[in-house]
Amino acid sequence: MKNFTITFLVLFASIKLSAINFDGTLLTLDGDTIHCEIQFSDFNTYAHKGEILSTKKITVLIDGKKMTYAADELMNYSVLINKTWKTYWGVNTIKKKYQFMKREVDGKLTLYSAITYSSINLRYNWQYVFVKQELSARLYLEHGTSSNKQKLTKFLAECPVTTGLFYSGVIDIGNPAHWKLIAQKYNAEC
């Protein structure tokens with residue numbers, strides 16, 4: 001048993017934590033574009049069904065130098081995965097808590113989404129931020145929360161055409177695919 005423990009510790013100590021690098025670009029708050037490599041840890045899940053998991057920071061290599069950027073330090077970053085560019089925006093979710101999120105719909109009502117993984121609950125979580133461009137008002141919601149319909153109805157009160165679709169069942173708040181419809185309908189009707 002002692003030899004097994006020593007062997008296990010030696011093997012565990014020799015494992016190197018490495019990263020997977022992807023071509024990427026950063027768009028700074030000043031509007032500058034920086035070409036880089038974006039790093040994701042290969043010992044940790046970095047994607048779910050083709051979408052990058054949302055983080056508060058990203059690590060990049062610029063001319064061989066490793067740097068970290070927080071979501072409030074960049075407008076967005078784009079990463080090339082499987083010959084497709086994916087862009088994630090630095091979004092103020094709630095009370096100056098910034099997170100990189102995917103822009104799903106752009107317009108009078110912009111929708112951002114994020115997928116995170118809870119190592120405590122061992123499951124993926126979806127978050128959404130609706131932003132009214134004119135007022136800079138924002139609503140942060142987590143998928144599966146029972147009060148989402150009430151919060152959305154209050155946030156979108158000036159657009160009864162959209163909110164009526166929640167109650168008629170045309171837009172199912174319980175279905176993440178329908179959340180885009182909320183912003184699209186708002187932008188078309190209000």
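Above this note sits the structure.
Not measured: the values here are computed from a predicted model.

Reading the values: the criteria
Residues numbered from 1 in each chain as written. Predicted model: local features only at pLDDT ≥ 70, side-chain atom pairs only at ≥ 80, totals over all residues. Heavy atoms only, no water. Helix = DSSP H or I, 4+ residues; strand = E, 2+ residues; numbered from the N terminus. Buried < 20%, exposed > 50% of the residue type's maximum accessible area, 1.4 Å probe, protein only. Contact = heavy atoms within 4.5 Å. Arc of directions from axis to C-beta. Core = buried A, V, L, I, M, F, W, Y, C linked by side-chain atoms within 4.5 Å. Axes fitted to C-alpha atoms, helices over the stretch in contact; angles between N-to-C directions. Left-handed = near helix turned anticlockwise from the far one by under 90°. Nonpolar A, V, L, I, M, F, W, Y, C, P; charged D, E, K, R; others polar. Parallel < 35°, antiparallel > 145°, perpendicular 65-115°, else oblique.

Draft legend 1. Local environment of the environment of M75. Considering the arrangement of structural elements, one finds M75 in strand β7 (residues 74–81). Given a relative accessible area of 37%, M75 falls into the partly exposed group. In this structure, the C-alpha to C-alpha distance between M75 and L29, residues 46 residues apart in sequence, is 5.3 Å. Apart from residues lying up to four places away in sequence, M75 is in contact with L27, T28, L29, W89 and G90.

Draft legend 2. Representation of unusual backbone geometry in the model. One non-glycine residue, N82, adopts positive backbone phi at about 55°. Along the chain, N82 falls in the loop between β7 and β8 (84–94). Using a relative accessible area of 71% as the deciding quantity, one classes N82 as exposed. Of note, K83 is a non-glycine position whose phi angle comes to about 65°, a positive value. Relative to the helices and strands, K83 resides in the loop between β7 and β8. K83 sits in the exposed class, given a relative accessible area of 83%.

Draft legend 3. Structural view of helix α4 (residues 179–189). Where α4 is concerned, the buried positions are W179, I182, A183 and Y186. Summarising the axial view, the buried residues of α4 lie within an arc of 90°, below the 170-degree limit, and thus occupy one face. The secondary structure elements touched by the buried residues of α4 are β9 (97–105), β10 (109–118), β11 (123–132), β12 (137–142), α2 (148–155) and α3 (160–168).

Draft legend 4. Quick look at the nonpolar core. Membership of the largest hydrophobic core comes to 19 residues, with the highest contact counts inside it found for F130, L152, L156 and I182. Residue assignment for this core shows that the elements contributing at least two residues are β10, β11, β12, α2, α3 and α4. For this core, the element with the most residues is α4, which contributes four residues. Apart from residues lying up to four places away in sequence, L156 is in contact with L109, K132, T162, T163, F166, I182 and Y186. Membership of the second largest hydrophobic core comes to 17 residues, among which are L26, I52, V79 and I81.

Draft legend 5. Highlighting the packing of α3 against α4. Two elements in contact, α3 and α4, have axes whose closest approach is 8 Å; the angle formed by their N-to-C orientations is 145°. Between α3 and α4 lies a crossing whose hand is right-handed. Of α4, the residues touching α3 (which contributes V161, T162, L165 and F166) are I182, K185, Y186 and E189. For the contact of α3 with α4, the per-class residue count stands at five nonpolar, one polar and two charged.

Draft legend 6. Quick peek at α3. Burial in α3 covers these residues: T162, T163, L165 and F166. Down the axis of α3, the sector holding all buried residues measures 145°, keeping them to one side. Residues of α3 that are exposed and point over 90 degrees away from its buried face: P160 and Y167. Buried residues in α3 make contact with α2 and α4.

Draft legend 7. Main features of the packing of α2 against α3. Relative orientation of the contacting elements α2 and α3 amounts to 160°, with a least axis distance of 9 Å. Of the possible angle classes, the one that applies to α2 and α3 is roughly antiparallel. Considering how the two elements wind past one another, α2 and α3 form a crossing that is left-handed. Across from K149, L152 and T153 in α2, the residues of α3 making contact are T163, F166 and Y167.

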